[in-house]
Amino acid sequence: MDELELEFELHPQLQADTWVLGDFSLCRLLLMNDANYPWFILVPRRASVTEVYHLSASERAQLIEESSALSETLADLFMARKMNVAALGNMVPQLHLHHVVRYEDDVAWPGPVWGVAEARPYTAEQAEEISQKLEVLLDGDLTFKLAN
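This report concerns the structure included in the present document. The structure presented is a predicted model; accordingly, all values stated were derived computationally and were not measured.

Parameters at a glance
- Residues numbered from 1 in each chain as written.
- Predicted model: local features only at pLDDT ≥ 70, side-chain atom pairs only at ≥ 80, totals over all residues.
- Heavy atoms only, no water.
- Core = buried A, V, L, I, M, F, W, Y, C linked by side-chain atoms within 4.5 Å.
- Buried < 20%, exposed > 50% of the residue type's maximum accessible area, 1.4 Å probe, protein only.
- Helix = DSSP H or I, 4+ residues; strand = E, 2+ residues; numbered from the N terminus.
- Axes fitted to C-alpha atoms, helices over the stretch in contact; angles between N-to-C directions.
- Parallel < 35°, antiparallel > 145°, perpendicular 65-115°, else oblique.
- Left-handed = near helix turned anticlockwise from the far one by under 90°.
- Contact = heavy atoms within 4.5 Å.
- Nonpolar A, V, L, I, M, F, W, Y, C, P; charged D, E, K, R; others polar.
- Salt bridge = Lys/Arg side-chain N within 4 Å of Asp/Glu carboxyl O.

1. Digging into the nonpolar core
Within the largest apolar cluster, 25 residues are counted, with the highest numbers of intra-cluster contacts made by Leu-29, Leu-31, Phe-40, Leu-74 and Leu-134. Only strand E1 (18-23), strand E2 (27-32), strand E3 (39-44), helix H3 (57-78), strand E5 (97-102) and helix H4 (124-137) provide two or more residues apiece to this core. With four residues, the single largest contributor to this core is H3. Leu-14, Tyr-37, Ile-41 and Val-100 belong to the second largest nonpolar core, which has 14 residues in total.

2. Quick look at the packing of H3 against H4
Between H3 and H4, the least distance of the axes is 11 Å, while the angle of their chain directions is 120 degrees. Relative to H4, the element H3 lies oblique. The two elements H3 and H4 cross, and the hand of that crossing is right-handed. Mapping the contact onto sequence places Thr-73, Leu-74, Leu-77 and Phe-78 in H3 and Ile-130, Lys-133, Leu-134 and Leu-137 in H4. The residue inventory of the contact of H3 with H4, partitioned by class, reads six nonpolar, one polar and one charged.

3. Focus on the pattern of salt bridges
In total, this model carries six salt bridges according to the counting rule given. Residue Arg-45 pairs with Asp-23 through a salt bridge whose shortest N-O separation is 3.8 Å. Of the two residues, Arg-45 is situated in the loop between E3 and H3 and Asp-23 in strand E1; the sequence distance between them amounts to 22 residues. What makes Arg-45 buried here is its relative accessible area of 7%. Given a relative accessible area of 12%, Asp-23 falls into the buried group. Here Glu-129 makes a salt bridge to Lys-133, at a shortest N to O gap of 3.3 Å. In this pair, Glu-129 and Lys-133 both sit in helix H4, four residues apart, roughly one turn of the helix. Assessed through its relative accessible area of 40%, Lys-133 is described here as partly exposed. Through salt bridges with shared partners, one network takes in Asp-23, Arg-28 and Arg-45.

Rendered as structure tokens:
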């Protein structure tokens, strides 16, 4: 574990809006607390990182690997019509990548999900069920620790 990881703290807004599912080798995996969409967030566990280019070349490659593995798993698990993957950072400056499973009948289709519908929070049981499904599919890739 290096100094940047030791100093890593999840942004308070991400902490408030998500369930912590676990850690890949680089990123923390979060579940957005909004059951309108299967919506996950990867956050590199590096202090003071706000842009992808702030990561080292090997960390950038690892981020893409983790994002791709997560996207493929989510697309299969949730039978996605489309995977939306984005890093915006306008409201939360800490680097984080949204992974939103989209369907033609979701409340925001075909537009972006932000601000379209009031969030529908998951119950602890629903979050645990999602965590368990991902744990099986990502066995060995992710260290799980469900927390809200």
